[in-house]
Amino acid sequence: MQVEQRLQQLGIVLPEVKPPMFSFVPWVRSGHLVFVSGQVSSLKGKLGREVSTEQGYHAAREVAIRLIAVLKDAVSDLDRVHRVVKLLGMVNSMPDFEEQPKVINGASDLLLEVFGDKGKHARSAVGMAQLPFSSSVEIEGIFEVG
């Protein structure tokens with residue numbers, strides 16, 4: 001199944017990729033790898049205080065959709081993606097919050113839904129004292145493309 005068809009079946013519309021507000025680019029391609037800069041959630045707040053684990057999960061899913069949009073900007077055709085290689089998931093969380101992996105599962109689960117076995121990836125999920133714009137979740141990704 002083609003990736004675009006799968007997105008349509010899931011009811012996912014990719015957002016427009018806007019230029020970054022700061023001194024970096026949204027993606028860099030090096031050989032067969034595309035490095036997608038960190039994308040942030042529109043959900044603001046800290047996990048373990050104003051944001052629940054379930055809300056964080058949905059925020060991470062939203063961020064994965066943003067990652068896919070930037071990846072499409074990089075390669076034009078998402079069927080050129082051979083594999084999701086690695087994610088770094090950062091969670092804006094209170095010091096005693098320990099469910100960062102559950103939050104970032106929102107992104108991992110979506111990538112598996114969209115890319116199937118090609119969506120299986122290595123991953124880190126870490127807590128942060130703060131993220132840009134008080135976002136609850138930021139995720140960056142590395143993708144292998146042909």
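Everything quoted here is computed from the prediction, not taken from an experiment. (Residues numbered from 1 in each chain as written. Predicted model: local features only at pLDDT ≥ 70, side-chain atom pairs only at ≥ 80, totals over all residues. Heavy atoms only, no water.)

Q: Lay out the sheet that holds strand β5 (residues 137–145) in plain terms, naming residues and giving numbers.
A: In space, the 5 strands of this open sheet follow the order β1-β2-β5-β3-β4, with mixed pairing throughout. The open sheet is flanked by β1 (27–30) and β4 (122–128), the only strands paired with a single partner. The mean angle between the axes of side-by-side strands here comes to 15°, regardless of whether they run parallel or antiparallel. Relative to β5, strand β2 (residues 33–40) runs antiparallel, the two being bridged by 6 bridges. Bridge pairing in β5 places Leu 33 opposite Glu 144. Along the sheet, helix α2 (residues 53–75) contacts β1, β2, β3 (81–92) and β5; its crossing angle with β2, the most-contacted strand, is approximately 140°. Packing against the sheet, helix α3 (residues 100–115) makes contact with β3, β4 and β5, and its axis sits at approximately 160° to β3. (Pairing = 2+ DSSP bridges. Helix = DSSP H or I, 4+ residues; strand = E, 2+ residues; numbered from the N terminus. Axes fitted to C-alpha atoms, helices over the stretch in contact; angles between N-to-C directions. Contact = heavy atoms within 4.5 Å.)

Q: Describe the packing of α2 against α3, and please don't skip the residues or the numbers.
A: Two elements in contact, α2 and α3, have axes separated by 7 Å at closest approach and are oriented at 45°. When the axes of α2 and α3 are compared, the pair comes out oblique. Between α2 and α3 lies a crossing whose hand is right-handed. On α3, the residues that touch Thr 53, Gly 56, Tyr 57, Ala 60, Arg 61, Ala 64, Ile 65, Ile 68 and Leu 71 of α2 are Lys 102, Val 103, Ile 104, Asn 105, Gly 106, Ala 107, Asp 109, Leu 110, Leu 111, Glu 113, Val 114 and Phe 115. Partitioning the contact of α2 with α3 into residue classes produces 13 nonpolar, 4 polar and 4 charged. (Parallel < 35°, antiparallel > 145°, perpendicular 65-115°, else oblique. Left-handed = near helix turned anticlockwise from the far one by under 90°. Nonpolar A, V, L, I, M, F, W, Y, C, P; charged D, E, K, R; others polar.)

Q: Could you give me a rundown of unusual backbone geometry, with the residues and numbers involved?
A: A positive phi angle, close to 70°, is found at Ser 76, a residue other than glycine. Within the secondary structure, Ser 76 sits in the loop between α2 and β3. Of note in this structure, Ser 134 is not a glycine but carries a positive phi near 60°. A relative accessible area of 35% means that Ser 134 is categorised as partly exposed. (Buried < 20%, exposed > 50% of the residue type's maximum accessible area, 1.4 Å probe, protein only.)

Q: Now, about the pattern of salt bridges: what can you tell me, with residues and values included?
A: Inspection of the entire model under this criterion finds 6 salt bridges. Measuring nitrogen to oxygen at the nearest pair gives 2.8 Å for the salt bridge that ties Arg 49 to Glu 50. For Glu 50, a relative accessible area of 45% gives the class partly exposed. Of the charged contacts, one joins Arg 61 and Glu 113 as a salt bridge, the two residues approaching to 2.9 Å between their closest N and O atoms. Of the two residues, Arg 61 sits in helix α2 while Glu 113 sits in helix α3, which places them 52 residues apart along the sequence. For Arg 61, a relative accessible area of 22% translates into the label partly exposed. (Salt bridge = Lys/Arg side-chain N within 4 Å of Asp/Glu carboxyl O.)

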